[in-house]
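Take a look at the letters that make up each chain.
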Amino acid sequence: MPSSSNSNLPNVLLGVNIDHIATIRNARGVHYPDPLTAADIAEAHGADGITAHLREDRRHIKDADIRELRRRVKTRLNLEMANTEEMVALAEAIRPDMVTLVPERRQEVTTEGGLDVITHKEALGRSIQRLTAVNVPVSLFVDPDLAQIQACADLKVPYIELHTGQYCEAFEAGVGVQDALNALHTAALEAQRLGMKLNAGHGLHYGNVRPILELPGLIELNIGHSIIAEAVFIGLGPAVSKMKSILVEHSPQKTENSV
Ligand code: PXP
């Protein structure tokens, strides 16, 4: 049960990841559906931010999309990208409102695990310095692993994004859900203790998102695939509104007010 100290917290924010609009467009090599229009619709239906992942193989979002999104997004643009020279140079030029650094393996269907910040500390540190120098805050996408979270704090990043994939897999399997939630909860507390702000995401859908809203200090969720999948049946605007309503209704202070 949330404590009464939560009563002044704002809702958990919704970042909508529009990658899979571009996946559908690219399947035919045509110009539709347009990720920019998707961003407009998402913002009009309650998205607090737009997230796009520029992958090295450009399988969905393209460079031109990012440039246009930078011009068009009225809320906040979060650019997810690998820590490569090419990507960092692009982010320095485009200056999104946030960069979330993620690991990338070409063969993976989607981002499969968090960054190994411990192993790649020096290289990450150099990129964080470059991006911070052009006023782009950096978030590191990590598993709920206390040693990795300490490494993030050592790099003095303002944000981390906790990888919720393991929890989502446990939810689907119906095994180990509480353990996965406990790991996320402990990691969230550690991020808070070390002075970092907290986002989370990956694999979240309408059925599994509610317990995640209880993570201490959670600011924003980045959700993509499930919203775009729901949009196929009910339209993008209603699909975004439906997720936003869950976040508004079930963020801790709302849960508290409703009991
Ligand atoms: N957060 C990060 C760092 C991601 O890499 C992704 C997938 O691109 C997401 C959130 C969104 O994940 P999903 O599409 O499963 O909602």
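In this text the structure is predicted, and so the values were computed from the model without any measurement.

Some words on helix 5 (residues 121-133)
Given 3.6 residues per helical turn, the α-helix brings residues three or four places apart onto the same face.
Part 1: With 13 residues, helix 5 extends 18 Å between its outermost C-alpha atoms, agreeing within 8% with the 18 Å of an ideal straight helix rising 1.5 Å per residue.
Part 2: If you check which residues of helix 5 are buried, you get L124, G125, S127, I128 and L131.
Part 3: Looking at the packing, one finds that the buried side of helix 5 touches strand 3 (77-81), helix 4 (85-94), strand 4 (98-101) and strand 5 (138-142).
Part 4: Following helix 5 by one or two positions, N135 has its phi on the positive side, about 65°.

As for the side chain of E161
Part 1: Looking at the secondary structure, you find E161 in strand 6 (residues 159-163).
Part 2: For the buried E161, no salt bridge is present, and the opposite-charge side chain at shortest range is R76, 10.0 Å distant.
Part 3: Separated by 3.0 Å, the side chains of E161 and N222 make a polar contact.
Part 4: Excluding its chain neighbours within four sequence positions, the residues that come into contact with E161 are T100, S139, L140, F141, V142, N199, A200, G201 and N222.

Quick look at the pattern of salt bridges
Oppositely charged side chains can pair when the atoms bearing their charge come close.
Part 1: A complete count under the given rule lists 15 salt bridges for this structure.
Part 2: A salt bridge links D40 to R72; its shortest N-O distance comes to 2.8 Å. On the criterion of sequence distance, the pair formed by D40 in helix 2 (residues 35-44) and R72 in helix 3 (residues 63-72) is long-range, its members being 32 residues apart.
Part 3: Between E92 and R130 there is a salt bridge, with its nearest N and O atoms 2.9 Å apart. Separated by 38 residues along the polypeptide, E92 in helix 4 and R130 in helix 5 bring together distant segments of the chain.
Part 4: Salt bridges sharing partners connect three or more residues here, namely R58, D63 and E86.

Remarks on the site of the ligand
Part 1: Residues in close proximity to the ligand total 14 residues, the closest being E80, E161, G203, G224 and H225.
Part 2: When isolated, the ligand has an accessible area of 400 Å², and the protein chains bury 95% of it.
Part 3: Of the residues contributing to the shell around the ligand, the split by class is 3 nonpolar, 8 polar and 3 charged.

Comments concerning a nonpolar patch on the surface
Part 1: A contiguous nonpolar patch, built from V232, F233 and I234 and spanning about 350 Å² of accessible area, is present on the exposed surface.
Part 2: Mapped onto the secondary structure, F233 falls in helix 9 (residues 225-234).
Part 3: Residue classification places F233 among the exposed residues on the basis of a relative accessible area of 72%.

Things to note about the side chain of T164
Part 1: Structurally, the position occupied by T164 is in the loop between strand 6 and helix 7 (165-173).
Part 2: Side-chain polar atoms of T164 contact the backbone oxygen of G201, separated by 2.9 Å.
Part 3: Residues within four places of T164 in sequence aside, it is in contact with L184, A200, G201, H202, L204 and I212.

Examining the state of the cysteines
Part 1: All told, the structure shown has 0 disulfides when counted by the stated rule.
Part 2: Here C152 is not disulfide-linked; the sulfur of C168 is the nearest cysteine sulfur, at 19 Å.

Side note on unusual backbone geometry
Part 1: Cis geometry is found at the peptide bond from Y32 to P33, where omega equals -5°.
Part 2: Within the secondary structure, P33 is located in the loop between helix 1 (19-28) and helix 2.
Part 3: Notably, N135 is not glycine yet its phi reads approximately 65°, a positive angle.
Part 4: Within the secondary structure, N135 sits in the loop between helix 5 and strand 5.
Part 5: Among the residues examined, N135 registers a relative accessible area of 68% and is labelled exposed.

So, the packing of helix 9 against helix 10 (residues 236-250)
Two quantities define a packed helix pair, namely the angle between the axes and the distance from one axis to the other.
Part 1: Here helix 9 crosses helix 10 at 130°, and the two axes come no closer than 7 Å. Our classification of the angle between helix 9 and helix 10 gives oblique. Of the two possible hands of crossing, helix 9 and helix 10 adopt the one that is right-handed. Residue-level inspection shows S226, I227, I228, E230, A231 and I234 of helix 9 in contact with helix 10, the latter providing L236, P238, A239, V240, K242 and M243.
Part 2: For the contact of helix 9 with helix 10, the per-class residue count stands at 9 nonpolar, 1 polar and 2 charged.

Thresholds applied
- Residues numbered from 1 in each chain as written.
- Predicted model: local features only at pLDDT ≥ 70, side-chain atom pairs only at ≥ 80, totals over all residues.
- Heavy atoms only, no water.
- Helix = DSSP H or I, 4+ residues; strand = E, 2+ residues; numbered from the N terminus.
- Expected span 1.5 Å × (residues − 1).
- Buried < 20%, exposed > 50% of the residue type's maximum accessible area, 1.4 Å probe, protein only.
- Contact = heavy atoms within 4.5 Å.
- Lys, Arg positive; Asp, Glu negative; His and termini not counted.
- Salt bridge = Lys/Arg side-chain N within 4 Å of Asp/Glu carboxyl O.
- Polar contact = N/O pair within 3.5 Å; in protein donor to acceptor, adjacent residues only side chain to side chain.
- Near = heavy atom within 4 Å.
- Areas by Shrake-Rupley, 256 points an atom, 1.4 Å probe, with all protein chains shown as cover.
- Nonpolar A, V, L, I, M, F, W, Y, C, P; charged D, E, K, R; others polar.
- Patch = residues over 30% accessible without salt bridge, like charges linked within 9 Å, V, L, I, M, F, W, Y side chains within 5 Å.
- Disulfide = S-S within 2.5 Å.
- Axes fitted to C-alpha atoms, helices over the stretch in contact; angles between N-to-C directions.
- Parallel < 35°, antiparallel > 145°, perpendicular 65-115°, else oblique.
- Left-handed = near helix turned anticlockwise from the far one by under 90°.

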